[in-house]
Amino acid sequence: MELLKGKKGIITGALNDKSIAWKVAERAIAEGAEIVLTNTELSLRMGTLNSFAEAHGCKLIAADATSLEDLGALVDGAMEHFGGPFDFVLHSIGMSPNVRKGRPYEALDYNFLSKTLDISAISFHKLLRTLYEKDALKEWGSVVALTYIAAERTFVGYNDMADAKALLQSITRSFGAIYGQAKHVRVNTVSQSPTATTAGQGIAGMEDMLKYADRMSPLGNATADDCADYIVTLFSDYTRKVTMQNLYHDGGFSSVGLTAAEVATFPKE
Ligand code: NAI
């Protein structure tokens, strides 16, 4: 099947072969898409994206997603490479200095909080704005960003990333309305199960969170590969009227209250 045959797009945030974006890049190529890859200079030095780009013959453009200048050069570079406007973009970017430095939510460092919000949420506004101002996406184009259910419900250890994800989802609705009206471009977030990646492992108690979510999800946790399968459908022409949505991709976790398996673990009186 070549779901994305003839389609072209930018994929951000692939650091290494654990990254959700890495799996999306692989899957998009397998479905016939042509992609431009991007990450920060530092991540390109630390990770293994250079070798992926080489192996698959993809153009790689370094960009810090908090810099409008870098994003401008990224979008210009992609348009030049593709010979004009393109079809899809994946925002797969998240980082919290508070999480990294172990600052608990009740004692946040506010400079760190600004960085968390800038990198993990406002970068999405900057990216959408750059695409919009440069008219870089074709009619019925598709933009997807990754989020987590901690935007709506509290999860211990997720810290200020929860605030960032809530903002990311709000930007999705606000910009989705504008971009949809102007250009029929759709903008959605995918709310993914906890996944063992570099960013995921930074969250305190991640191992337990993975196990808990797996137990509480009728279909089990969605893996990064599962996520890639879902995201290519959102880049395809089969989801053209889906926009401004937060789409749960979590094995059913978000709709479960209590399971029989969980009840069985309760101590008997
Ligand atoms: P990852 O660590 O592989 O990817 C995060 C990426 O963000 C890295 O490639 C990193 O270089 C990039 N990044 C950080 N600062 C940047 C900046 N200033 N400019 C450009 N790129 C920057 O981890 P993962 O898990 O694949 O994360 C991708 C997305 O998925 C993030 O938005 C994350 O919050 C989200 N997500 C992850 C879940 C998990 O459990 N791993 C669950 C739900 C959502």
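For clarity, every value in this text was computed on a predicted model and none was experimentally measured. (Residues numbered from 1 in each chain as written. Predicted model: local features only at pLDDT ≥ 70, side-chain atom pairs only at ≥ 80, totals over all residues. Heavy atoms only, no water.)

What follows covers the site of the ligand. Around the ligand sit 29 residues, and of these Ser 19, Asn 39, Ser 43, Thr 195 and Thr 197 come closest. Between the ligand and the protein, one listed contact pairs an oxygen atom with a backbone N or O atom of Ile 20 at 2.9 Å. A distance of 2.4 Å is found between an oxygen atom of the ligand and a side-chain nitrogen or oxygen belonging to Thr 197. Its free accessible area being 830 Å², the ligand has 92% of it covered by the protein chains. A molecule is said to occupy a pocket when more than half its atoms come within 2 Å of that pocket's grid points, and by this definition the ligand occupies the largest pocket. Those elements that provide at least two residues to the shell around the ligand are strand 5 (137-147), helix 7 (161-183) and helix 8 (198-201). Residue composition of the shell around the ligand, by class: 13 nonpolar, 14 polar and two charged. (Near = heavy atom within 4 Å. Polar contact = N/O pair within 3.5 Å; in protein donor to acceptor, adjacent residues only side chain to side chain. Areas by Shrake-Rupley, 256 points an atom, 1.4 Å probe, with all protein chains shown as cover. 1 Å grid on protein atoms, 1.4 Å probe; cavity = no way out; pocket = protein on both sides within 12 Å on 5 of 7 lines; lining within 4 Å. Sits in = over half its atoms within 2 Å of the grid points. Helix = DSSP H or I, 4+ residues; strand = E, 2+ residues; numbered from the N terminus. Nonpolar A, V, L, I, M, F, W, Y, C, P; charged D, E, K, R; others polar.)

Turning our eyes to something else, we now look at empty space enclosed by the protein. Evaluated as defined, the whole model comprises one cavity of 30 Å³ or more. Computed from the structure, the largest cavity encloses a volume of approximately 50 Å³. In this structure, the largest cavity is lined by Tyr 148, Ile 149, Ser 191, Gln 192, Ser 193, Pro 194, Ala 213, Asn 221, Asp 250 and Phe 253. Partitioning the lining of the largest cavity into residue classes produces five nonpolar, four polar and one charged. (Points joined across faces, edges and corners; volume = space filled by probe spheres on them.)

This brings us to the layout of surface pockets. Here the largest pocket defines a volume of roughly 1,200 Å³. Surrounding the largest pocket, 44 residues form its lining, Ser 92, Ile 93, Gly 94, Met 95 and Ala 199 being those nearest its centre. Grouping the amino acids of the lining of the largest pocket by side-chain chemistry returns 22 nonpolar, 19 polar and three charged.

Looking at the secondary structure, you find Val 75 in helix 4 (residues 68-82). Given a relative accessible area of 0%, Val 75 falls into the buried group. Residues Val 75 and Lys 134 lie 59 residues apart in sequence; the distance between their C-alpha atoms is 8.0 Å. Sequence-distant contacts of Val 75, defined by excluding residues within four places in its chain, comprise Phe 86, Thr 130, Leu 131, Lys 134 and Ala 136. (Buried < 20%, exposed > 50% of the residue type's maximum accessible area, 1.4 Å probe, protein only. Contact = heavy atoms within 4.5 Å.)

Our focus in this paragraph is the confidence of the model for the chain. Note that predicted coordinates carrying low pLDDT should not be read in detail. Overall, the predicted model of the chain reaches an average pLDDT of 96, with 100% of residues at or above 70. At the level of individual helices and strands, the chain shows its lowest average pLDDT in helix 8, which scores 83, and its highest in strand 6 (residues 186-192), which scores 99. (pLDDT = per-residue confidence, 0-100.)

The next point concerns helix 3 (residues 49-56). Those residues of helix 3 that fall on the buried side of the exposure criterion are Leu 49, Phe 52 and Ala 53. One side of helix 3 holds all its buried residues, which, seen down the axis, span an arc of 95 degrees. Residues of helix 3 that are exposed and angled more than 90 degrees away from the buried face: Glu 54 and Ala 55. Considering only its buried residues, helix 3 is in contact with helix 1 (20-30), strand 2 (34-39), helix 2 (41-46) and strand 3 (59-62). (Arc of directions from axis to C-beta.)

Residues Leu 258, Val 263 and Phe 266 make up a contiguous nonpolar surface patch of about 270 Å² in total accessible area. Along the chain, the position of Val 263 falls in helix 11 (residues 260-263). Assessed through its relative accessible area of 36%, Val 263 is described here as partly exposed. (Patch = residues over 30% accessible without salt bridge, like charges linked within 9 Å, V, L, I, M, F, W, Y side chains within 5 Å. Salt bridge = Lys/Arg side-chain N within 4 Å of Asp/Glu carboxyl O.)

We now examine the nonpolar core. With 31 residues, the main nonpolar core has Ile 11, Ile 35, Leu 37, Leu 90 and Ile 231 as its most contacted residues. Within the residue set of this core, elements represented by two or more residues are helix 1, strand 2, helix 3, strand 4 (86-91), strand 5 and helix 10 (224-235). Considering each element in turn, this core owes the most residues, seven residues, to helix 10. Not counting residues within four places of it along the chain, the set of residues in contact with Leu 37 comprises Ile 11, Ala 25, Leu 49, Phe 52, Ala 53, Cys 58, Lys 59, Leu 60 and Ile 61. Counting 30 residues, the second-largest nonpolar core is a separate cluster that includes Val 36, Ala 63, Val 89 and Leu 127. (Core = buried A, V, L, I, M, F, W, Y, C linked by side-chain atoms within 4.5 Å.)

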